[in-house]
Amino acid sequence: MELPFRAKDDGLLKNGELVALRKRLRNMAPAHDVTTVVACAFDHRTRALPFIYADLRMAPAGVRAVGSALVDAGFHKTRIVLQQWNKNFAPSQMRLDGRIPDMFLVSSMQIHSAQCQALIRDACRIPPEQRPLIIAGGPKTIYEPWDVFSADPDDPWGADIAVTGEEYVLLSLLEVILSERAGSEPLRSAFLRARDRGLLDEIPGLVYPRTDADGVACELIDTGIQRLVSDLDETPHPALGYRLLEPPSRHATLASQALPAERVRKLTPIGSLVMTFGCKFNCPYCPIPSYNQRNFRTKSADRIAEEMMRLYHDFGLRYYFGTDDNFFNDKARAIHIMATLMRAREKLPKGHRRIRWGTEVTIHDTLQMKDYLGLARGAGIRALWLGVEDMTATLVKKGQSVDKTAEAFGLLRQNLICPMPMLMHHDTQPLVTRGTHYGLLNQVRLLRKAGAPSLQVLMITPATGSRLYEQTYNSGLVYASADGRPVETYMIDGNYVVASHHEKPWRKQLSILAAYLYFYNPLRFLKALVRPKTRLYLADSGLQVIGMWGLLKTLRRTLPWAWRLARGRITRRDTYPASSIPMRAPDGTPAAHALPGTPVSEPVTAQGPDSSQAETTARH
Ligand code: B12
Ligand code: SF4
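Residue indices begin from 1 for each chain and proceed along its sequence in written order. Chain letters start at A and ligand numbers start at 1, both assigned in the order the entries are written. Since the coordinates come from a predicted model, pLDDT governs what is reported: local features require at least 70, and pairs of side-chain atoms require 80 or more to be given and counted, while whole-chain, interface and lining totals use all residues. Side-chain metrics in this entry use all non-hydrogen atoms of the structure; hydrogen atoms and water are not considered.

**Brief notes about the overall build of the protein chain**
Okay, so step 1: The helix and strand tally for the protein chain stands at 20 helices and 21 strands.
Okay, so step 2: Radius of gyration here uses only the C-alpha atoms, and the compact-globule reference equals 2.2 Å multiplied by the residue count raised to the power 0.38. Taking 620 residues into account, the globule formula puts the C-alpha radius of gyration at 25 Å, and the protein chain, at 24 Å, falls close to it.
Okay, so step 3: Projected onto the principal axes, the alpha-carbon positions of the protein chain cover approximately 75 × 65 × 50 Å.
Okay, so step 4: Two residues form a contact once any of their heavy atoms are found within 4.5 Å. Considering only contacts in the protein chain between residues 6 or more positions apart, those separated by 24 or more positions represent 75%.
Okay, so step 5: Accessible areas in this description were obtained via Shrake-Rupley with a 1.4 Å probe; residue shielding takes into account the shown protein chains only. About 25300 Å² of surface is accessible on the protein chain, with carbon and sulfur atoms providing 53% of the total. Secondary structure follows DSSP: runs of H or I at least 4 residues long count as helices, runs of E at least 2 residues long count as strands, and numbering of each begins at the N terminus.

The following block contains the structure:
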């Protein structure tokens, strides 16, 4: 299910709303000595190609944005802990400023859910009277907020609230809680009162539980789809978040100081930077257009240039990755941003013009930009990730074809920009075909010939929040287990074949490995160095090294799975994972984030039943 759309003209915040909220909080902050730890959940079992370097060496923008928002609002005692760097971090043992923090925030992608739940579970070991207010957020809760609450009476853990939105939602929640807080009362107790008085119900983008006496969630109240900030210049500056990072360690506890500015670049040499959000295409397996309520949201060119320059000056960051879904989506804006960045780079003293960046685009839009790729190079773009998916457009059509892909790659290479293809493998695509370009290896070969220095091949896998999601599960495509090994959430990353009707799915698994092996190997590495075909040979050989290292990790992770697939005994899911806890909107209507089939609870009235005994009915 795609996220539902808000009413027309009500999907976006009014201009200035986020700025005004930040200002109001800054006025409130001096009266509240609030300490916060923001954790980024990361499951190290997901370490494999094609993300092997970026996964640890690029501090995620989501937790940094949340940290920046808190500091900007005046809450300086904030620390960001990345499980990427702090595997053993235990919230039950965290102390900040000498005390248990007032708030514990967890951010997670879907594939890191197991770690997200483990963090929350551990935080719940802190006795309730001392426990921080636990808030979950990020791409996991945006689509599946129910998963951060336990419904098991024998194991009652859970966040206090899930945020299904961005900075504005979190800051609105904080404003309400602080308005309700009496003196230095524990933040969590002010939260519980605000919740019980219904004060949170007016903030779209929250899901909170009503619990029974034992603390078990009996129903979830969903305040609806968030309103989105349209002018991204209103968001707090990303430089603030970089000052909050916990230094890497093996300890369960936190260091006394955050990572010093001079060590930031070494640990996270790539800076991920929000520039735009959204995409005009409408691929049925992709949740991005509906998440953005079909809007394309951007920062101004000046703001992007200022951010890059400030991060360069403050932390020495030279390499950036734009978190765009499709940077070339709006041609005029992209040109304006690139022209501004080019001027900003030119203003730097000669030896300092080394700011470089890359981002995601589509083949179709790259061709539309063919006259501006020199400008792109001048703006510092050195690599573009292109969603080629299937060059023959058999799987999905978004303006790509073999010829167009080759043309786009050629143009990028001419302008010394690395074309980084992203392919999607699927049941009907053979490993090799004769006389056509349909086979996976045929396409990999073409892409290599067209100058690709890196490769991404992922098996098509159901994505939460996409149109095809429920249908994919209901059709029995998705596995529950293979040869007795259950499919766990960390495996739903496209690297494992976990959704297929192929009679020999192990072949699909091996095909992905074969594609990588064909692309990354010692022979190619030597050729890239000795007989370079392109002026980008240093990038090419470097990426070969990272690719071979990543391939070893990928082999270690996915070969055993291929073996299980080959042994058969595959069991399939017959339905999608939905909430087992009843959900509803505050007024009793169906919850915006609930998948069809989620039980619905009756609202509690003054005379009505206790929510824990509320009658539940199936939705749809
Ligand atoms: C950059 C990126 C990557 C980088 C990440 C590197 C890094 N360390 O940052 C790389 C290339 C490695 C990557 C890999 C993958 N990615 Co990726 N990636 C993105 C991308 C394009 C940008 C992420 C980002 O920085 N966004 C900007 C920040 C500011 O947004 P945000 O993280 O959503 O955070 C905001 C809110 O969510 C919220 N928030 C976040 N955390 C919290 C916490 C709290 C408490 C609160 C209140 C709020 C909150 O506030 C933030 C500010 O607005 C997104 C799409 C997108 N445009 O967001 C996909 C995305 C995150 N990736 C996704 C996926 C699926 C993957 C992969 C599994 C590959 C795949 N199959 O597509 C792998 C996983 C690799 C791994 N082992 O982790 C999905 C996640 C879906 C989900 N439901 O979890 C996304 C959302 C794309 C999509 N399909 O919609 N990815
Ligand atoms: S082009 Fe990419 S971002 Fe746009 S809808 Fe398709 S998959 Fe999603």
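**Observations regarding the site of ligand 2**
Okay, so step 1: What makes a residue near a molecule or strand is one non-hydrogen atom of that residue sitting within 4 Å of it. As a matter of local geometry, ligand 2 sits amid Cys279, Phe281, Cys283, Tyr285, Cys286, Pro289, Asp325, Thr362 and Lys398.
Okay, so step 2: Three categories are distinguished: nonpolar for Ala, Val, Leu, Ile, Met, Phe, Trp, Tyr, Cys and Pro, charged for Asp, Glu, Lys and Arg, and polar for the others, with Gly belonging to the last. Partitioning the shell around ligand 2 into residue classes produces six nonpolar, one polar and two charged.

**Some points on the packing of helix 19 (residues 522-530) against helix 20 (residues 537-567)**
Okay, so step 1: All axes are obtained by fitting lines to C-alpha atoms, using only the stretch in contact for helices, and the reported angles, taken between N-to-C directions, cover 0 to 180 degrees. At a minimum axis separation of 8 Å, helix 19 and helix 20 run at an interaxial angle of 165°. The orientation of helix 19 with respect to helix 20, classified from their angle, is roughly antiparallel. For the element pair helix 19 and helix 20, the recorded crossing hand is left-handed. Counted together, Pro522, Arg524, Phe525, Ala528 and Leu529 of helix 19 and Tyr537, Asp540, Ser541, Gln544, Val545 and Met548 of helix 20 form the full contact between these two elements.
Okay, so step 2: Taken together, the residues that form the contact of helix 19 with helix 20 break down as seven nonpolar, two polar and two charged. An angle counts as roughly parallel when it lies under 35 degrees, as roughly antiparallel when it exceeds 145, as roughly perpendicular when it falls between 65 and 115, and as oblique in every other case. Whether a crossing is left-handed or right-handed is set by the direction in which the near helix is turned from the far one by less than a right angle, anticlockwise for left-handed and clockwise for right-handed.

**What about unusual backbone geometry?**
Generally, phi is negative for residues other than glycine and the peptide bonds are trans, each holding for most cases.
Okay, so step 1: Residues Leu49 and Pro50 are joined by a peptide bond in cis, for which omega reads 0°.
Okay, so step 2: By secondary structure assignment, the location of Pro50 is in the loop between strand 1 (36-40) and helix 2 (54-57).
Okay, so step 3: Although it is not a glycine, Glu389 adopts a positive phi angle of roughly 55°.
Okay, so step 4: Counting through the fold element by element, Glu389 comes out in strand 13 (residues 381-389).

**Structural notes on the pairing of strand 4 (residues 133-137)**
Okay, so step 1: Between buried and exposed lies partly exposed: a residue is buried under 20% and exposed over 50% of the maximum accessible area for its type, with that area taken using a 1.4 Å probe on protein chains only. With respect to burial, strand 4 is a largely interior element, five of its five residues being buried.
Okay, so step 2: Burial along strand 4 is two-sided: Leu133, Ile135 and Gly137 facing one way and Ile134 and Ala136 facing the other are all buried.
Okay, so step 3: Sheet topology note: the strand 3 (residues 103-107)/strand 4 ladder contains five bridges and is parallel. Residue pairing for strand 4: Phe104 is matched across the bridge by Ile134.
Okay, so step 4: When the strands point away from the viewer, a crossover counts as right-handed if the path from the first strand over the helix to the second runs clockwise. With helix 4 (residues 113-123) bridging strand 3 and the parallel strand 4, this β-α-β connection has right-handed handedness.
Okay, so step 5: Paired strands, as defined in this entry, are two strands with at least two bridges between them according to DSSP. Pairing between strand 4 and strand 5 (residues 161-163): two bridges, direction parallel. Across the sheet, residue Ala136 finds its bridge partner in strand 5, namely Ala162.

**Observations regarding the side chain of Gln509**
Okay, so step 1: Examined against the element boundaries, Gln509 turns out to sit in helix 18 (residues 505-519).
Okay, so step 2: For Gln509, a relative accessible area of 1% gives the class buried.
Okay, so step 3: For Gln509, the contacting residues outside a window of four places in its chain are Asn495, Tyr496, Val497, Thr558, Trp561, Ala562 and Leu565.

**Some points on a positive patch on the surface**
Okay, so step 1: Nonpolar side chains (Val, Leu, Ile, Met, Phe, Trp, Tyr) within 5 Å and like charges within 9 Å form the patches, drawn only from residues with over 30% relative accessible area and no salt bridge. Salt bridges are identified by distance alone: a Lys or Arg side-chain nitrogen within 4 Å of an Asp or Glu carboxyl oxygen. When charges are tallied, Lys and Arg are placed among the positive residues and Asp and Glu among the negative ones, while His and the ends of the chain are skipped. The atom standing in for a charge is NZ when the residue is Lys, CZ when it is Arg, CG when it is Asp and CD when it is Glu. Taken together, the side chains of Arg445, Lys449, Lys527, Arg531 and Lys533 define a basic patch exposed on the protein surface.
Okay, so step 2: With respect to the helices and strands, Lys449 occurs in helix 16 (residues 440-449).

**Focus: the domain arrangement of the protein chain**
When the parts come together, some accessible area is lost, and that loss is often what is quoted as the size of the interface.
Okay, so step 1: The assigned domain composition of the protein chain is domain 1 (17-45 + 61-222) and domain 2 (261-387 + 400-420).
Okay, so step 2: Delimitation of the domains relies on an automatic or database domain assignment. Relative placement of domain 1 and domain 2: their C-alpha centres are 32 Å apart.
Okay, so step 3: Here domain 1 meets domain 2 over a buried area of about 620 Å², counting both sides, of which 52% is carbon and sulfur.
Okay, so step 4: Counting across the domain 1 and domain 2 interface gives one salt bridge.
Okay, so step 5: For the purposes of these results, a polar contact is taken to be a pair of N or O atoms within 3.5 Å, where, inside protein, one atom must be able to donate a hydrogen and its partner to accept one; residues adjacent in sequence count only when each atom of the pair is a side-chain atom. Across the contact surface, domain 1 and domain 2 share four residue pairs in polar contact (both at pLDDT 80 or more).
Okay, so step 6: Here the side of domain 1 that touches domain 2 is composed, by residue class, of four nonpolar, no polar and two charged. Accessible area, probed at 1.4 Å, shrinks when two parts are joined; the buried area is that loss added up over both.

**Some words on the sheet that holds strand 16 (residues 479-482)**
Okay, so step 1: Spatial ordering of the open sheet is given by 17-16-18, a layout of three strands whose pairing is antiparallel. Where the open sheet ends on each side, the last strands, each with one partner, are strand 17 (485-486) and strand 18 (570-572).
Okay, so step 2: Pairing of strand 16 with strand 17, which is carried by two bridges, proceeds in the antiparallel orientation. In the sheet register, Ala482 faces strand 17, and the bridge partner there is Arg485.
Okay, so step 3: Sitting on the sheet, helix 20 touches strand 16, strand 17 and strand 18, and the angle it makes with strand 16 is about 95°.

**Observations concerning the site of ligand 1**
Okay, so step 1: Surveying the vicinity of ligand 1 reveals 39 residues, the closest of which are Met58, Ser107, Gln110, His112 and Glu167.
Okay, so step 2: One of the backbone nitrogen or oxygen atoms of Gly138 is found 3.5 Å away from a nitrogen atom of ligand 1.
Okay, so step 3: Note that an oxygen atom of ligand 1 is positioned 2.8 Å from one of the side-chain N or O atoms of Glu167.
Okay, so step 4: The set of elements that each furnish at least two residues to the shell around ligand 1 consists of helix 3 (61-72), strand 3, strand 4, helix 5 (139-143) and helix 6 (167-180).
Okay, so step 5: The dominant element in the shell around ligand 1, judged by the number of residues it contributes, is helix 3, at four residues.
Okay, so step 6: Taken together, the residues of the shell around ligand 1 sort by class into 25 nonpolar, ten polar and four charged.
Okay, so step 7: Shared between two domains, the shell around ligand 1 holds at least three residues of each, these being domain 1 (17-45 + 61-222) and domain 2 (261-387 + 400-420).

**Concerning the sheet that holds strand 11 (residues 319-322)**
Okay, so step 1: If you walk across this open sheet you meet the six strands as 8-11-12-13-14-15, and the pairing is parallel. The open sheet is flanked by strand 8 (270-273) and strand 15 (456-459), the only strands paired with a single partner. Looking at each pair of strands side by side, their axes are set apart by 20° on average, direction ignored.
Okay, so step 2: Bridge count for strand 12 (residues 356-361) against strand 13 is five bridges, and the pairing is parallel. If you follow Thr359 over to strand 13, its bridge partner there is Leu384.
Okay, so step 3: Most of the contacts of helix 15 (residues 402-414) go to strand 13, to which it runs at about 175°, and overall it touches strand 13 and strand 14 (418-425).
Okay, so step 4: Of the strands in this sheet, strand 14 and strand 15 are in contact with helix 18, which crosses strand 15 at around 175°.

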